Amino acid sequence: MDLDKFHKAFIYTWFSTIAAILQFKIPSFALMKAALKYLVGIAGPSGFGSKSTADQVTQHSSINSQLTAIITGATSGIGAETARVLAKRGVRIVIPARDLKKAAIVKESIQKESPMAEIIILEIDLSSFASIQRFCAQFLSLGLPLHILINNAGKFSQKLEFSEDKIEMTFATNYLGHFLLTELLLEKLVETAESTGIQGRIVNVTSVVHNWVKRDQFRFCKLLNPKNYNGTRAYAESKLANILHAKELSRQLKARNANVAINAVHPGIVKTGIIRDHKGFITDSLYFMASKLLKSTSQGAATTCYVALSPQTEGISGKYFADCNESHCSVLANDETEALKLWKGTRVLIHRRLLPPVG
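First, a word on scope: everything that follows refers to the structure included in this document. These numbers come from a predicted model, not from an experiment. Throughout this description, residue numbers start from 1 for each chain and increase along the sequence as written. Under the rules for a predicted model, residues below a pLDDT of 70 receive no local features and side-chain atom pairs below 80 are neither given nor counted, while totals for whole chains, interfaces and linings still include all residues. For side-chain calculations, the full set of non-hydrogen atoms in the structure is used, while hydrogens and water are omitted.

**Considering the packing of aromatic side chains**
Here comes step 1: Between the rings of Phe, Tyr and Trp (Trp by its six-membered ring), a pair exists once the centres lie within 6.5 Å; its type follows the angle of the planes, with under 30 degrees stacked, over 60 edge-to-face, and the other angles tilted. This structure, assessed with the given rule, holds six aromatic pairs.
Here comes step 2: Their ring planes at 70° and their centres at 6.2 Å tell us that Phe171 and Phe220 sit as a pair that is edge-to-face. Of this pair, Phe171 sits in helix α7 (residues 169–196) while Phe220 sits in helix α8 (residues 220–224), and the two are 49 residues apart along the sequence.
Here comes step 3: Only protein chains enter the area calculation, which uses a 1.4 Å probe; residues under 20% of their type maximum are buried, those over 50% are exposed, and those in between are partly exposed. Exposure remark for Phe220: the relative accessible area of 22% places this residue in the partly exposed category.
Here comes step 4: What links up through ring pairs into an aromatic cluster is the set Phe171, Tyr175, Phe179 and Phe220. Where helices and strands are cited, they refer to DSSP runs of H or I of at least four residues and of E of at least two residues respectively, numbered from the N terminus.

**Side note on the pairing of strand β1 (residues 68–71)**
Here comes step 1: Of the two faces of β1, the one carrying Thr68 and Ile70 and the one carrying Ala69 and Ile71 are both buried.
Here comes step 2: One bridge is not enough; two strands pair if DSSP finds at least two bridges between them. By the bridge criterion, three bridges tie β1 to strand β2 (residues 92–97) in an arrangement that is parallel. Along β2, the bridge assignment pairs Ile70 with Val94.
Here comes step 3: Handedness of the β1-helix α4 (residues 77–88)-β2 crossover: right-handed.
Here comes step 4: Strand direction decides the pairing type here: β1 and strand β4 (residues 148–151), joined by three bridges, are parallel. Bridge pairing in β4 places Ile70 opposite Leu149. A clockwise path from the first strand over the helix to the second, with the strands pointing away from the viewer, defines a right-handed crossover.

**Digging into the state of the cysteines**
Here comes step 1: The term disulfide is used for any two cysteine sulfur atoms that are within 2.5 Å. Throughout the structure, instances matching the rule amount to zero disulfides.
Here comes step 2: Residue Cys324 stays outside any disulfide, its sulfur separated by 8.7 Å from that of Cys305, the closest cysteine.
Here comes step 3: On the basis of relative accessible area, Cys324 is assigned to the buried category, the value being 0%.

**Concerning the environment of Gly318**
Here comes step 1: In this fold, Gly318 is placed in the loop between α12 (297–309) and β7 (320–322).
Here comes step 2: Judged by relative accessible area, Gly318 falls into the buried class, the value being 11%.
Here comes step 3: Beyond its immediate chain neighbours, meaning those up to four positions away, Gly318 contacts Ala246, Lys247, Ser250, Ile262 and Asn263. We call two residues in contact whenever any of their non-hydrogen atoms come within 4.5 Å of each other.

**Re empty space enclosed by the protein**
If a probe the size of a water molecule is rolled over the atoms, the empty space left behind becomes visible.
Here comes step 1: Within this scheme a cavity is a closed region of a 1 Å grid, computed over the protein atoms alone, that accommodates a 1.4 Å probe without allowing it to escape, whereas a pocket is open but has protein on both sides within 12 Å along at least five of seven lines; lining residues each have an atom within 4 Å of a point. Grid points are joined across faces, edges and corners, and a volume is the space filled by probe spheres set on the points. With the rule as written, the count across this model stands at one cavity of 30 Å³ or more.
Here comes step 2: Put simply, the largest cavity is a space of about 30 Å³.
Here comes step 3: Along its surface, the largest cavity is lined by Gln199, Arg201, Ile202, Ala261, Asn263, Val307, Thr313 and Ile316.
Here comes step 4: Going through the elements one at a time, β5 (200–205) and β6 (260–266) are the ones with two or more residues in the lining of the largest cavity.
Here comes step 5: Side-chain classes follow a simple rule in which Ala, Val, Leu, Ile, Met, Phe, Trp, Tyr, Cys and Pro form the nonpolar group, Asp, Glu, Lys and Arg form the charged group, and the remainder, Gly included, forms the polar group. The residue makeup of the lining of the largest cavity, split by class, is four nonpolar, three polar and one charged.

**A few points about the side chain of Ser298**
Here comes step 1: Turning to its location among the elements, Ser298 is positioned in helix α12.
Here comes step 2: For Ser298, a relative accessible area of 15% gives the class buried.
Here comes step 3: Beyond its immediate sequence surroundings of up to four residues, Ser298 is in contact with Ser52, Thr53, Ala54, Asp55 and Glu81.

**A closer look at the environment of Gly300**
Here comes step 1: Within the element layout of this structure, Gly300 appears in helix α12.
Here comes step 2: The class for Gly300 is buried, based on a relative accessible area of 0%.
Here comes step 3: A C-alpha to C-alpha distance of 8.8 Å links Gly300 and Glu81, two positions 219 residues apart in sequence.
Here comes step 4: Excluding residues within four positions of it along the chain, Gly300 makes contact with Ile78, Pro267, Val270 and Lys295.

**Here's the deal with unusual backbone geometry**
Here comes step 1: Positive phi is not limited to glycine here, since Lys166 has a value of about 65°.
Here comes step 2: Its location among the elements puts Lys166 in the loop between β4 and α7.
Here comes step 3: For Cys324, which is not glycine, the phi torsion reads 65° and is therefore positive.
Here comes step 4: Among the secondary structure elements, Cys324 is positioned in the loop between β7 and β8 (325–326).

**Section: the sheet that holds β6**
Here comes step 1: Pairing is mixed across the open sheet formed by eight strands, whose spatial order is β3-β2-β1-β4-β5-β6-β7-β8. What marks the edges here is a single partner per strand, and that holds for β3 (119–123) and β8.
Here comes step 2: Bridge analysis of β6 against β7 gives three bridges, and the strand direction is parallel. Within β7, the position partnered with His266 by the bridge is Ala322.
Here comes step 3: Axes, fitted as lines to C-alpha atoms, cover a helix only where it is in contact. Angles between the N-to-C directions of the axes lie from 0 to 180 degrees. Helix-sheet contacts for helix α5 (residues 100–113) involve β2 and β3, and the interaxial angle to β3 is about 175°.
Here comes step 4: Strands β1, β2 and β3 of the sheet are contacted by helix α6 (residues 129–141), whose axis makes an angle of about 145° with β3.

Written as structure tokens, this is what we have:
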């Protein structure tokens with residue numbers, strides 16, 4: 001996904017943080033310790049950390065039968081890397097793509113490295129309810145099992161745009177699209193888990209920027225049609241919604257004793273050309289420190305691959321992961337009442353859009 005403008009805003013925030021550290025304005029010892037752990041890449045309880053790569057975290061994953069995984073946003077960035085690594089481990093990959101040419105290029109690249117990899121490309125526009133329905137119908141018609149669903153695709157819109165369903169584009173793509181996709185494929189995941197005994201896994205790719213959202217700003221109707229639009233805020237709100245979705249769906253799956261887990265992951269901020277472009281107006285030392293805060297594409301895909309494939313995450317559901325370890329999300333993201341309210345509002349909206357009144 002192309003998040004250059006978002007990354008720019010995020011990088012400026014990191015620069016400010018680094019500047020404060022350089023001026024000895026450290027908020028707490030705990031923050032300094034956490035920052036050091038991230039920079040050095042110290043492994044957490046899982047044995048992995050911020051410097052671990054997708055290849056490393058899946059190296060010892062034992063796959064006894066072929067798994068099938070759907071990965072959205074797999075035509076570039078960490079989505080493409082996730083697809084590459086899972087295919088390398090013997091997973092059948094389904095790539096839902098709006099740009100079929102880009103998807104074909106990714107498929108060719110993966111099969112060059114893993115000639116036996118099975119890659120299926122199907123068309124989708126995650127901002128369109130109708131397109132998501134068509135994709136799911138096509139996939140289900142193939143008669144394949146479904147073990148893993150990775151809701152990775154994301155959009156950042158600097159200007160206010162609306163989907164064909166007349167919903168703000170960032171929220172429509174990042175949250176609503178993945179919510180509907182998950183709803184339409186959930187029974188296939190449950191069915192596959194029951195018939196194979198292999199736990200189904202859903203991974204919602206979110207972001208640490210969900211912490212920026214304040215409770216009084218998070219209103220469902222405003223997310224659909226905001227009056228005062230801010231691209232960064234809209235992105236952060238959609239990422240908060242991804243976590244709340246994981247929390248509530250996890251509760252529901254546990255209640256029905258379904259052998260399907262859903263978790264949310266923060267991949268980290270991946271290196272782009274933006275940092276290099278900005279080197280001219282910051283000091284070399286500041287540039288060096290800022291670059292250390294960013295991950296490579298393979299490091300960015302590591303947490304997703306770890307949660308999707310590792311035996312260590314078997315049975316874990318409703319959690320938030322960062323740097324391949326369970327982590328803490330915001331108080332708002334942990335609010336069960338807020339999660340249920342969002343889920344109910346989303347279901348009502350989708351039901352009305354997909355089943356318009358007769359007459």
